[in-house]
Structure formats: C-alpha cells, structure tokens
Amino acid sequence: ARKVDDGGGGERAREAAGAALVLRKVWSRSPAPERRGRVGVLFLPRTVTGVTALINVLYLGLFLSSSAETLLDDFLLTYTVFMTTDDLCQALLRQYPFIECCIHRGKEDDSDVSCRKRKVLHLVSQWTSLYKDWLHEDEHLKQFLKTIYRNVLDDVYEYPVLEKDLKEFQKILGMHRRHTVDEYSPHRKNKTFFHQFSVKENWLQQRGTMNETEEIFCRVYITEHSYVSVKAQVSTSAQEILKIVAEKIQYPEEELALVTVSFSGEKHELQPNDLAISKSLESSSRMFVYRKDLTDSLSPFSENEELQQRSVRILGINTWDLALELTNFDWSLFNAIHEQELIYFTFSRQGSAENTENLSLLLQRCNEVQLWVATEILLCSQLCKRVQLVKKFIKIAAHCKAQRNLNSFFAIVMGLNTASVSRLSQTWEKIPGKFKKLFTELESLTDPSLNHKAYRDAFKKMKSPKIPFMPLLLKDVTFIHEGNKTFLDNLVNFEKLHMIADTVRSLRHCRNNQFGNEVPSKEHHELKPYVHHLHVIDNQQALFELSHRIEPRV
C-alpha cells in the first residue's frame, strides 16, 4: 500500500496493506481448485472501505494474474452476501477518482496511472460480463456505468491507452440500452431471468408482474392428485392450454373446459381467449380441466377414470430419441440458470423464489420426471405392457447417462425405485436378467454412500457438456455454508466464499463445448409434446392405492 495523506486515504491504505498481508498468506499456499476442506481462513473487513481495500489488493499488482482473477471471480460471485450492488457501485466510483488523487500526490508516471485506471475498469468489465442479463433492470448499475463511462471519456485524452476500455464501455452501455426499451414495447425480449437482489438488503423493488415471454411450469389438474405439467409462456391463452391437456389425456378438446378452483371452493370457467397464467392465480387457486356434457354443465374427472383403458404411447417411441428430447429440454432449463441463483438459494433465509426462478424450474422438472415414471407404470393395468414399460425406462435412463444428462438419469432411476413401483413383484419377476443387471449397474451410480462417491467419480470422468444432478450440487454448497461461519467480529470469511464460488463455478465447466441442441434422428410427431408436458400423480398415497389395485398384496 502506498503512503497517502489523511482525509480517508490513510485509512484506505492501511486497510489495503492489511488485506494484502492476509491475502499473500492465503494465496501463497496455491490451493488446488478442487479442494473442499478448509485450507486457510481469510477474513476481510465487512465495511465498504474494506471492500475498497480488497479492490486495491486485487488490482494494484500485488499478485500473479491467475490468483487475482480467481479472487476477483470469487468476489463478484459472492459479494451480495455482505454488501448491496449499490454499495459496490459507490465503492468503485470512489476508487476511480481516489486512484487519480493518490497518483498526483505521489508524483507517479503516466503509465502507472493508466495501468491502475485500467485495472479498475477491468473489474467493472468482468462484473458486467459475469452477470449479463441478471442486472439489466438495476437502475443503480445503469447510473453507475454511465458515470464511470463519463470519467473514462474525460481521461482518454490524457491517457490514450484507455481508448480500448472506452470502446468496451460503449459496448456495455449499448447492451444496456437494448435492455432498457420501453416496458411495453413489443420488441422487448426477456429471458426467464429475474431481478438479482442483495442477500444483505433487498433494496430493489420486487417485480410485480411477469413479462409476456417468460415461461413457467403450469399445473393443470385432471383430478385432485394428478396434473399435466405444461411449460408455457405467461401470455398463453386458456384455449392453447386446453389443447395441450386434451392431447395429453386423449380426450376431445371440445368436450373439455378449463376451470379455476379457489381454495375456498369457488369455480370460474376460463374463456378461450383468457390468459391462463398469473401469479395471483397460482397463490389463490388451482387450474382444473372439467368435462362438459350436452347441456354445457361441468363435472370433474373421478380418480377411478385414471385406470380406464388407455394407450401407452411411450411404447411406440424410440428410446434414444425420447432420452435425447428429455436431454434437450433439460439443457434449455440448465442453460438459463445463473450462477448467482445458487448463491442466493444458499444464503437467503426469507424465500428466494423471485431470485432462483430458473434453478427452481430445473429442480421442479427433476421431481416431475421422477413422478412421471411412477405414474406411467402404475396407470398401466396390463402386466405385459407394464413389464415393457419398466424395460423402456431402464433403457431411457441408460441413454440419459450416455448423453451425460445426470439430472434426468437420477430422476428416472429414483422413479423406478419409488416404493409404489418397487413393490410390484409380479412385474419385476418378468423383467429379463440382462435388464435387471443393467438397472443394478445404473442404480449403483445413485448410491449415496461415501458422499455419493460413485456418482462423483463417474461425473468427473465425463467430458463436457454435461448436466449435473442439481440437488446434490446444492447440497454441496449448503454443506460448505452451514459448516463455516460467514462473519466473525464484523469480518467476512472470504475463504468460505471462495469454496462456495469454486463449487458454483463447476456450472461453467459443465456448459463448456456446446454445439447447440441436438435434434432426434427420427422425428416423432408426438415426441416433443409428450416430453414437454408430463402427466403426473403427485400424491404418494394415490400412487400406493394404484399400486395395490394393479398388484394386490397376497
């Protein structure tokens, strides 16, 4: 740290020096990136001036570039644990002029001045690159970027080397302009990403409405305990939803109606052009499909009708193509997850649905695939077809593993191991030996012993791109969080945050080398809707009743 005069500079310099000593001590160990234990503990001031000290340490040339870049990435991934985005903006704004002030007083040459400025600008560039759309509606960040851009604009004449950084900021601001089109413009295209809020303080206003192009899983109940999961945009009409469900349950669309049923029992029939999806609907009622009779009166489906003779369409679909469509669908969900969602999921104790929307979709999908496997098998009353179904799912699980989709792989194996399915002794007795052997091998990868060693070893050997089993990844992050203190005497345990960031960074490795989604070799007209909109029974008691009905206890 350099000597500067008072007025706050001396305090900053002392903090930078202290942070430098601690950082040197920790990073000199050159810890292996895959470690999970507590090799050393780094504590930094929790205050904004402490953050300024960290920025000084990161970018005033105190470390080898690889160590500094890793530490910067740790900081950017986890800063919301101990400060708000506004805090970071203010610290950076103070830091840029502070550097200039220190340089003039220290009579350093222009190359050192420009180098220091460029390092601060590099931090901002890395931040916006890492977060992408995640902060695109953050007013604090937009104002900050404009302010620092003006600073660079003022400096570029004195320091021509900043011209490259100026062009970078023009690109960043151009991106933000594209993201700040009028709220009601039809050209606005938003992904599923939601606002990022600080874990320390939710200083942004929470989003009240969803954008028309955002997609969610909408549950349309057939009976009290079974539903069709429909992935649809929030602008989808009731008629479009009804068409999907009618096709799924093999029932004439004109004989069905979409009805919202409030938790108090009040019913409301949706008209064809009504919007079927809204947040208020999700929190106050459920959507059902009812039958119309000749007088247009509505009646619900009974639970027993689930067991009526139905064609088992999955048996006519190629197993590799079906597994590939499952994988493509999972990739669309996995790619949308922002690394920050895992941080927020881990540290937020006050409900983070708004901030972990994409992560929640993939977790919900994993659960629904598991229920779908059990539902398909237990709704098949014919023994011979049920045996074919079990064989089919074993092959699909094997194909998902071959396609490096461990999320659906785990879900299918767990579905086959559901108690209501595993008790079907007549069915399992008729499964050929080679299928039983294959299933045993697949099952061994889900063995939880030794902290899921079998899965971890197999997954580590798989080349990218690959989809991990997300519940286990979240368990790893939570284990690090709960096993290590975040703060001690108003200091931040940055070593803990490094371990968490290191685990979260595994998402990048998993998403490497993607060449776009593959397409099934043989198109099947029923394949996409079959895989995208799963019919599941989400009640374990109902599943057990079906299980005992098709194979009574002897």
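What you are looking at is a predicted structure, and each value in this text was computed from that prediction instead of being measured.

**Student:** Could you give an account of the packing of helix α10 (residues 319-334) against helix α13 (residues 383-402), with specific residues and numbers?
**Tutor:** Taken N-terminus to C-terminus, the directions of α10 and α13 make an angle of 55 degrees; their axes are 9 Å apart at the nearest point. The angle between the axes of α10 and α13 places the two elements in the oblique class. Between α10 and α13 lies a crossing whose hand is right-handed. Residues T319, W320, L322, A323 and L326 of α10 touch α13, and the partners they reach there are K392, K395, I396, H399, C400 and A402. By residue class, the composition of the contact of α10 with α13 is seven nonpolar, two polar and two charged.

**Student:** Summarise the side chain of T427; cite the residues concerned and give the values.
**Tutor:** Take T427: it is sitting in helix α16 (residues 425-429). We classify T427 as buried; its relative accessible area is 0%. Every residue in contact with T427, bar those within four places of it in the chain, is listed here: L383, R386, V387, V390 and E551.

**Student:** How would you sum up the pattern of salt bridges? Please name residues and give values.
**Tutor:** Tallying each qualifying case throughout the model produces 11 salt bridges. Where R505 meets D73, a salt bridge forms, and the shortest distance between an N and an O atom there is 2.8 Å. Here R505 is found in the loop between α20 (494-504) and α21 (506-510), whereas its partner D73 is found in helix α3 (residues 65-78), with 432 residues between them in sequence. Here R505 matches D73 in class, with each residue buried. Taken together, the shared-partner salt bridges connect D73, D74, E339, D502, R505 and R508 into one network.

**Student:** Which residues make up the environment of Q388, and what are the values?
**Tutor:** Structurally, Q388 can be placed in helix α13. Residue classification places Q388 among the partly exposed positions, given a relative accessible area of 39%.

**Student:** If you had to explain the nonpolar core to someone new, which residues and values would you point to?
**Tutor:** General note: in soluble globular proteins, nonpolar side chains tend to be found buried as a group. Core analysis: the largest hydrophobic core is formed by 121 residues, its most contacted members being W127, L322, W372, F393 and I412. Counting residues per element, this core draws most heavily on helix α12 (residues 357-378), at 11 residues. Beyond its immediate chain neighbours, meaning those up to four positions away, F393 contacts I314, W372, V373, E376, I377, I412 and L416. I216, A232, I241 and A246 belong to the second largest nonpolar core, which has 22 residues in total.

**Student:** Tell me what's going on with the packing of helix α18 (residues 449-461) against helix α19 (residues 470-483), and back it up with residues and numbers.
**Tutor:** Where α18 meets α19, the closest approach of the two axes is 12 Å, and the angle between their N-to-C directions is 135 degrees. When the interaxial angle is binned, α18 and α19 end up oblique. Two packed elements cross with a definite hand, and for α18 against α19 that hand is left-handed. From α18, N451, H452, Y455 and R456 reach across to α19, where they touch L472, K475 and D476. Of the residues contributing to the contact of α18 with α19, the split by class is two nonpolar, two polar and three charged.

**Student:** Talk me through helix α6 (residues 139-155); I want residue IDs and the actual numbers.
**Tutor:** For α6, spanning 17 residues, the distance from its first C-alpha to its last is 25 Å, which sits close to the expected 24 Å at 1.5 Å a residue. Among the residues of α6, those classed as buried are L141, K142, F144, L145, I148, Y149, V152 and D155. Angular distribution of buried residues about the axis of α6 spans 160 degrees; they occupy a single face of the element.

**Student:** Hey, could you go over helix α14 (residues 406-416) for me, with residue numbers and the actual values?
**Tutor:** Within α14, 10 of the 11 residues are buried, which leaves the element mostly enclosed by the surrounding structure. All of the buried residues in α14 are L406, N407, S408, F409, F410, A411, I412, V413, G415 and L416. The N-cap residue of α14 is N405: its side-chain oxygen and the backbone nitrogen of N407 are 3.3 Å apart.

**Student:** Lay out the side chain of D502 in plain terms, naming residues and giving numbers.
**Tutor:** Positionally, D502 belongs in helix α20. A distance of 3.2 Å separates a polar atom in the side chain of D502 from a polar atom in the side chain of R505.

**Student:** So what's going on with unusual backbone geometry? Residues and values would help.
**Tutor:** That bond from S464 to P465 is cis: its omega, 0 degrees, falls within 30 degrees of zero. For P465, the location among the structural elements is in the loop between α18 and α19. Within the chain, R404 stands out as a residue other than glycine whose phi angle is a positive 60 degrees. The topology assignment puts R404 in the loop between α13 and α14. Residue R404 is classed as partly exposed on the basis of its relative accessible area of 21%. Positive phi values are uncommon outside glycine, yet N451 reaches one of about 55 degrees.

**Student:** Give me the confidence of the model for the chain: which residues, what numbers.
**Tutor:** One rule of thumb: low pLDDT means the predicted coordinates there are not for detailed reading. When pLDDT is averaged along the chain, the result is 76, and 70% of the positions lie at 70 or above. Highest mean pLDDT in the chain belongs to α14 (97); lowest belongs to helix α1 (residues 9-27) (44). Overall, residues 1-41 carries pLDDT values under 50, and its contacts beyond four positions in sequence, including any with other chains, amount to 69 contacts. Low confidence marks residues 60-64, where pLDDT is under 50. Its contacts with residues over four positions away, or in another chain, come to 10 contacts.

**Student:** A description of the environment of S464 should follow, citing residues and the corresponding values.
**Tutor:** Structurally, the position occupied by S464 is in the loop between α18 and α19. Assessed through its relative accessible area of 10%, S464 is described here as buried. Considered as a pair, S464 and R511 are 47 residues apart in the sequence and their alpha carbons are 6.5 Å apart. In this structure S464 touches R404, H509, C510, N512 and N513, once residues within four positions along its chain are discounted. In this structure the side chain of S464 is engaged in a polar contact, spanning 2.5 Å, whose partner is the backbone oxygen of H509.

Rules and cut-offs
Residues numbered from 1 in each chain as written. Predicted model: local features only at pLDDT ≥ 70, side-chain atom pairs only at ≥ 80, totals over all residues. Heavy atoms only, no water. Axes fitted to C-alpha atoms, helices over the stretch in contact; angles between N-to-C directions. Helix = DSSP H or I, 4+ residues; strand = E, 2+ residues; numbered from the N terminus. Parallel < 35°, antiparallel > 145°, perpendicular 65-115°, else oblique. Left-handed = near helix turned anticlockwise from the far one by under 90°. Contact = heavy atoms within 4.5 Å. Nonpolar A, V, L, I, M, F, W, Y, C, P; charged D, E, K, R; others polar. Buried < 20%, exposed > 50% of the residue type's maximum accessible area, 1.4 Å probe, protein only. Salt bridge = Lys/Arg side-chain N within 4 Å of Asp/Glu carboxyl O. Core = buried A, V, L, I, M, F, W, Y, C linked by side-chain atoms within 4.5 Å. Expected span 1.5 Å × (residues − 1). Arc of directions from axis to C-beta. Polar contact = N/O pair within 3.5 Å; in protein donor to acceptor, adjacent residues only side chain to side chain. pLDDT = per-residue confidence, 0-100.

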